[in-house]
Amino acid sequence: MKLSHFLQLFFLLLIGPTVWCAGPDTHQHLLMDYNWKFAQSDVQGAERQEFDDTGWRTLNLPHDWSIEGEFKEDAPTKGNGGFLPAGIGWYRKHLDLPAMTKGRNLWIEFDGVYMNSDVWVNGEHLGRHPYGYTSFNYNVTRFIKKGENIIAVRVDNSLQPNSRWYSGSGIYRHVWLNVAGPVHIAPWGTYITTPSVDSLSATIEVRTSIENNLSVARNVLLRSVITNGAGDKVAAFETPVSLAPSGTMDVKQTIKVAFPSLWSIERPSLYALHSSIVEGSKVEDNLISPFGIRSIEYDRDKGFLLNGKHVKMHGMCLHHDAGCLGAAVPEQAWKRRLQILKEMGCNAIRTAHNPPAPEFLDLCDSLGFLVMDEAFDEWEIQKGQVEYSYHLYFAKHSQSDLISMIHRDRNHPSVVLWSAGNEVLDQGTDRGTEVLRALVATFHREDPSRPVTVANDRIADVDYPAKPRFLELEDIVGYNYVDRWLTRRELYYSVDRHDHPDWKMIGTENVGISGVRGKYTISDPPNVNPDRPIFLYDYNSMIRAEQLWRVTSVNDYVIGDFMWTGIDYLGEARWPRKSSSSGVLDLCGFPKDGYYFYQSQWTDKPMVHLFPHWNWAGHEGRVVPVIAFSNCDTVELFLNGKSFGAKSVVFPQQGNSGGWNKFDHPYVAATTSDLHLSWDVPYEPGALKAIGKKDGQVVTEEVHTTSGPAALRLSTDRNDITADARDIANIKVEVVDDRGLLVPGANNLIEFKVEGEGTVAGTDNGDPQDRTRMKSTLRNAFNGLALAVIQSTGTGGIIRVTAVSEDLKPAALQVRSHISAAGVNTVESLR
């Protein structure tokens, strides 16, 4: 053991088990989500403390009022905003604070408000925050008093259109009250990096920003203790600090951790830094900062290395809404969706096109995702007809918004790359180059540990290409739709690889396999062209995605690709649609066919997926092109027991090794150069079965049958939720036949009934053209599936969910809502 490790261990034992424990008068990070008053109108005088809000609606945050409205073709948000309402809303919070807050410092922290928020405390205006996606805070120490205090927030989303996708409206993320002593760690005041990492030792560098809000100097001790995932202390360090009156000081510490458990995609181990400010025997402030120990490296030839090992980024772009829940997304909604993407083999997320909610990054940390954290969709030049968007605020607010994002997110091990913007039109101007230079300088100053990219469209466009000097400023050159322009449809990254061998390259956004789940277009009626295939599929996006993956996967210099998109999202639509259909998951989080293409390429667990369905009554005898995605050696297709032959996809193919016609692995003869398999099968009712084999053994199969609806079936992602109004369970509804198999074309009307300690937070079915209100308890199935999201009332007990539909056997299940002893502290606990 190194001497430094021995000294650290000795110090760890010396300071004992209570080094980071603190009393009730130290730093408190208190949730302020409950019991807000709300009015969806521009009420005059609502900022005043004496204003009477007794007639207003009482609700809990996070809250998105747009998702509660009707879809209307003439909505001012237009198709970009999903044809949902916007407008102006007011929130008021009555906050009763005890005497213990006297002499303390208090600041209110908003994780996200869309948009143009004004905040008052007891009638005093604190400020305006235009950007709807960055977190911000206000020090309210001077304005808070003992007894009742009024927090008033006006949200102005009335100027439309202001977004190219659905934004939501309101205080759609959490709100916190921080209570600390006059000497405390600044908001987002810890910065943790791991500059030297291997399996034997890790060097942790910590920079802590300490504020002294007293008019006298103070001498304190900064005590930093690191604990592992089990809560065991593994390292500690102390630094004496002399603080000037009314000053701020950054304190740097270097801490060694022996035999670290490294954060990785497969094993996302986390640590926690416990920072305490100690004066004498009293802990003045304390803060816990989760982090991970890992190394990242980008190489022009090897691509991306995590902990010294090459990792190809299998990325998906995600917008911030969650279908029927709108922009106010409970953590469990994201957890379910991310887990489904993880099962597909996705290992990277791009937060398109804005900073995400803090808890989204917490989930990426704990689940093992790499994150490209994106700042802006627009700089100084307006895009399209979105006349009230961020370009109006960029000049004045972009630097403070950028610093807010960096300071909030830079301790997340999942964040491995910053993006300064998406498809900004500024890329083709000299002024845009200077804008990027300033943004990159801020990134490098505030976090030199990560590189910066821009998601550049039109790199090779004839009319509006990116300026070469613009691209040279990027640490990593980002390509949106690398195959879109000129000869690059076939040459991809290789043109710039030849011309700019020092560039590091990543596919920031590329064509994925799009489409509407379970929807296949019949080419002609049965009496017209009966010899034509029965359905047409979006072969264009499938072939483009396959060709792109071939290039990306075998060229290490391509860091990876982020496909557009991982999940369907509200907005960017044309009536009668309300949403996009570019995702591999639909609005409900149900997989589409494209999901299984990526699973076949990105995972090793044997799988096979067949499409289309096998319900084609009236088209008997017509040829159906049957497609399969699989990672098996061979797939054999059967219809009613008759074989249509075994076929094989082999990619990447192996060359000879050790001699002519010798191979490192068993040789499999490919039957296609595509990354999918296909058979032409004359339709007849019955059972279509695909059997997948590896090394000659059956390892998986999938069956499609001709069937009709008989019953409903319910399943849930959670049987037990906390008695918290923010907690949810996702209820999947399937229309099944009398054998329990999904009926793929079923569209039966379903009614959801909830009894006990739960309510319906939203319903959906994944159909882009279903414009039923998202809060409705009536919902048609779409191609056999629907979703109901159940929310706790905040009281413990049983929640019984029943789904009924005419002529179908109903289904029911129970979810338990329990009181959690480990709940988040709230402002109500101060009483």
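The rules behind the values
- Residues numbered from 1 in each chain as written.
- Predicted model: local features only at pLDDT ≥ 70, side-chain atom pairs only at ≥ 80, totals over all residues.
- Heavy atoms only, no water.
- Helix = DSSP H or I, 4+ residues; strand = E, 2+ residues; numbered from the N terminus.
- Rg over C-alpha atoms; globule rule 2.2 N^0.38 Å.
- Buried < 20%, exposed > 50% of the residue type's maximum accessible area, 1.4 Å probe, protein only.
- Contact = heavy atoms within 4.5 Å.
- Areas by Shrake-Rupley, 256 points an atom, 1.4 Å probe, with all protein chains shown as cover.
- Lys, Arg positive; Asp, Glu negative; His and termini not counted.
- Charge placed at Lys NZ, Arg CZ, Asp CG, Glu CD.
- Core = buried A, V, L, I, M, F, W, Y, C linked by side-chain atoms within 4.5 Å.
- Salt bridge = Lys/Arg side-chain N within 4 Å of Asp/Glu carboxyl O.
- Expected span 1.5 Å × (residues − 1).
- Pairing = 2+ DSSP bridges.
- Axes fitted to C-alpha atoms, helices over the stretch in contact; angles between N-to-C directions.
- Phe/Tyr/Trp six-rings, centres within 6.5 Å; stacked < 30°, edge-to-face > 60°.
- Lys NZ or Arg CZ within 6 Å of the ring centre and 35° of its normal.
- pLDDT = per-residue confidence, 0-100.
- Disulfide = S-S within 2.5 Å.
- Polar contact = N/O pair within 3.5 Å; in protein donor to acceptor, adjacent residues only side chain to side chain.
- Parallel < 35°, antiparallel > 145°, perpendicular 65-115°, else oblique.

**Q** Would you mind showing me how to read the overall build of the chain here?
**A** On a plain count of helices and strands, the chain comes out with 10 helices and 46 strands. Compactness check: the chain gives a C-alpha radius of gyration of 28 Å against a globular reference of 28 Å for 831 residues, within 12% of the reference. For the chain, the C-alpha atoms occupy an extent of roughly 90 × 70 × 55 Å along the three principal directions. By the burial criterion, 59% of the 831 residues in the chain qualify as buried. The contacts in the chain between residues at least 6 apart in sequence include a share of 73% that link residues at least 24 apart. Counting every atom, the chain has about 32,500 Å² of accessible surface; 51% of that belongs to carbon and sulfur. Counting 82 positive and 101 negative side-chain charges, the chain places the averaged centre of each group 2 Å from the other.

**Q** Can you help me understand the nonpolar core in this one?
**A** One recurring pattern in soluble globular proteins: nonpolar side chains tend to sit buried together. Core analysis: the biggest nonpolar cluster contains 134 residues, and F304, M313, L370, W379 and Y598 have the highest contact counts within it. In terms of residue count, helix α2 (residues 331-344) provides more of this core than any other element does, 6 residues in total. Residues M32, V119, F143 and V175 belong to the second largest nonpolar core, which totals 31 residues.

**Q** What exactly am I supposed to notice about the pattern of salt bridges here?
**A** Two side chains carrying opposite charge are able to pair once their charged atoms lie near each other. This model, assessed by the stated rule, comprises 39 salt bridges. One salt bridge connects E572 with R164, and the closest N-O pair in it is separated by 3.9 Å. With E572 in the loop between β30 (558-564) and α10 (593-602) and R164 in the loop between β9 (147-157) and β10 (175-180), this residue pair connects regions lying 408 residues apart in the sequence. The salt bridge involving R445 is made with E446; its shortest N-O contact spans 2.8 Å. What you see here is one network of salt bridges that share partners, running through D430, E434, R437, K467 and R469.

**Q** Please explain helix α5 (residues 430-446) as it appears in this structure.
**A** Each full turn of the α-helix corresponds to 3.6 residues, which orients residues three or four apart in the same direction. An ideal rise of 1.5 Å per residue puts 24 Å on 17 residues; α5 measures up with 25 Å between its terminal C-alpha atoms. Looking at α5, one finds that the buried residues are G432, T433, V435, L436, L439, V440, T442, F443 and E446. The elements touched by buried residues of α5 are β11 (183-197), α4 (394-409), β24 (415-422), β25 (452-456) and α6 (468-472).

**Q** In this structure, what is going on with the sheet that holds strand β8 (residues 136-139)? I would like to understand it.
**A** Sheet strands pair via backbone hydrogen bonds, and the direction of the pair is either parallel or antiparallel. Across the sheet, which stays open at both edges, the 4 strands sit in the order β1-β10-β5-β8 with antiparallel pairing between neighbours. The outermost strands of the open sheet, each flanked by one partner alone, are β1 (28-31) and β8. The sheet shows a mean angle of 25 degrees between the axes of neighbouring strands, taken without regard to direction. Two strands pair when backbone bridges link them, and strand β5 (residues 105-110) and β8 are joined in this way by 4 bridges, in the antiparallel orientation. Across the sheet, F110 pairs through a bridge with F136, a residue of β8.

**Q** Where do I start with the packing of aromatic side chains in this structure?
**A** Any aromatic ring pair is given by two values, namely how distant the centres are and how the planes are angled relative to each other. Scanning the entire structure with this criterion turns up 31 aromatic pairs. Aromatic side chains W90 and W120 sit 5.3 Å apart centroid to centroid with 25 degrees between the ring planes, which places their arrangement in the stacked category. Taken together, the residues span a long stretch of sequence, with W90 in strand β4 (residues 87-97) and W120 in strand β6 (residues 117-121) at a distance of 30 residues. A network of ring pairs unites the aromatic residues Y114, Y131, Y133, F376, W379, Y390, F394 and F470 as a single cluster. Of note, R410 hangs over the ring of Y191, and the distance from its end group to the ring centre comes to 4.2 Å. Across the ring face of Y557, the terminal group of R497 is positioned such that the distance to the ring centre comes to 4.4 Å.

**Q** Help me understand the sheet that holds strand β27 (residues 505-511) in this model?
**A** With parallel pairing, the 8 strands of this closed barrel are ordered in space as β21-β22-β23-β24-β25-β26-β27-β30. Each neighbouring strand pair of the sheet contributes to a mean axis angle of 25 degrees, computed without reference to strand direction. The sheet contact formed by strand β21 (residues 313-318) and β30 spans 4 bridges and is parallel. Among the inter-strand pairings, G315 is bridged to a residue of β30, identified as F562.

**Q** Is there a simple way to think about the confidence of the model for the chain in this case?
**A** The predicted structure's coordinates, where accompanied by low pLDDT, should not be read in detail. Looking at the chain as a whole, the pLDDT averages 93, with 95% of positions reaching at least 70. Low confidence marks residues 1-24, where pLDDT is under 50. Its contacts with residues over four positions away, or in another chain, come to 36 contacts.

**Q** How should I be thinking about the environment of T248 in this particular structure?
**A** Within the element layout of this structure, T248 appears in strand β15 (residues 247-258). Taking the C-alpha atoms as reference points, T248 and N212, 36 residues apart in sequence, are found 6.1 Å from one another. Excluding anything up to four places from it in sequence, T248 contacts S209, I210 and E211.

**Q** Help me understand the state of the cysteines, please; the structure alone is not making it clear to me.
**A** A covalent bond bridging the sulfur atoms of two cysteines is what the word disulfide describes. Applying the stated criterion across every chain yields a total of 0 disulfides. No disulfide involves C364; its sulfur sits 9.0 Å from that of C346, the nearest cysteine. Since its relative accessible area comes to 0%, C364 is described here as buried.

**Q** Would you mind showing me how to read the side chain of N631 here?
**A** With respect to the element layout, N631 can be found in the loop between β32 (623-630) and β33 (634-639). By relative accessible area, N631 is classed as buried at 12%. A polar contact is formed between the side chain of N631 and the backbone nitrogen of M607, at a distance of 3.0 Å. Those residues in contact with N631 that lie beyond four places of it in its chain are Q599, S600, T603, D604, K605, P606, M607 and K694.

**Q** What exactly am I supposed to notice about α2 here?
**A** Here α2 spans 20 Å end to end across 14 residues, near enough to the 20 Å set by a 1.5 Å rise per residue. Residues Q332, A333, W334, R336, R337, L338, I340, L341 and M344 constitute the buried set of α2. Where α2 is buried, its residues contact β21, β22 (348-351), α3 (358-367), α10, β40 (728-736) and β44 (785-792). Phi for G345, located one or two positions after α2, is positive at around 105 degrees.

**Q** What is the right way to read the environment of E734 from this model?
**A** In this fold, E734 is placed in strand β40. Look at E734 and you get buried, because its relative accessible area is 12%. Along the primary structure E734 and G247 are separated by 487 residues, whereas in three dimensions their C-alpha atoms are 61 Å apart. Among residues more than four places away in sequence, those in contact with E734 are A711, L712, R713, L742, G784 and L785.

**Q** I would appreciate a short explanation of the pairing of β27 in the present structure.
**A** When a strand is regular, its side chains alternate between the sheet's two faces. A large share of β27 lies buried, amounting to 7 of its 7 residues. Of the pairings in the sheet, the one linking strand β26 (residues 477-480) to β27 comprises 4 bridges and is parallel in character. The partner of V477 across the bridge, within β27, is M505. In this sheet, β30 lies alongside β27 in parallel orientation, the contact comprising 4 bridges. Following the sheet pairing, M505 is matched in β30 by V558.

**Q** Explanation requested: the environment of G621 in the structure shown.
**A** Note on placement: G621 falls in the loop between β31 (608-611) and β32. Along the chain, G621 and P682 lie 61 residues apart, while their C-alpha atoms are 5.0 Å from each other. With near-sequence residues (within four places) excluded, G621 lies in contact with P682 and Y683.

**Q** Explanation requested: the side chain of D496 in the structure shown.
**A** With respect to the helices and strands, D496 occurs in helix α8 (residues 494-499). Assessed through its relative accessible area of 5%, D496 is described here as buried. At a separation of 2.7 Å, a polar atom in the side chain of D496 contacts the side chain of Y479.

**Q** What should I look at first to understand the packing of α2 against α10 in this one?
**A** Packed helices, taken two at a time, are described by their axes: the angle between them and the distance between them. Packing of α2 against α10 brings their axes to within 7 Å, and their N-to-C directions diverge by 55 degrees. With respect to each other, α2 and α10 are oriented oblique. On α10, the residues that touch I340, E343 and M344 of α2 are Y595, Y598, Q599 and W602.

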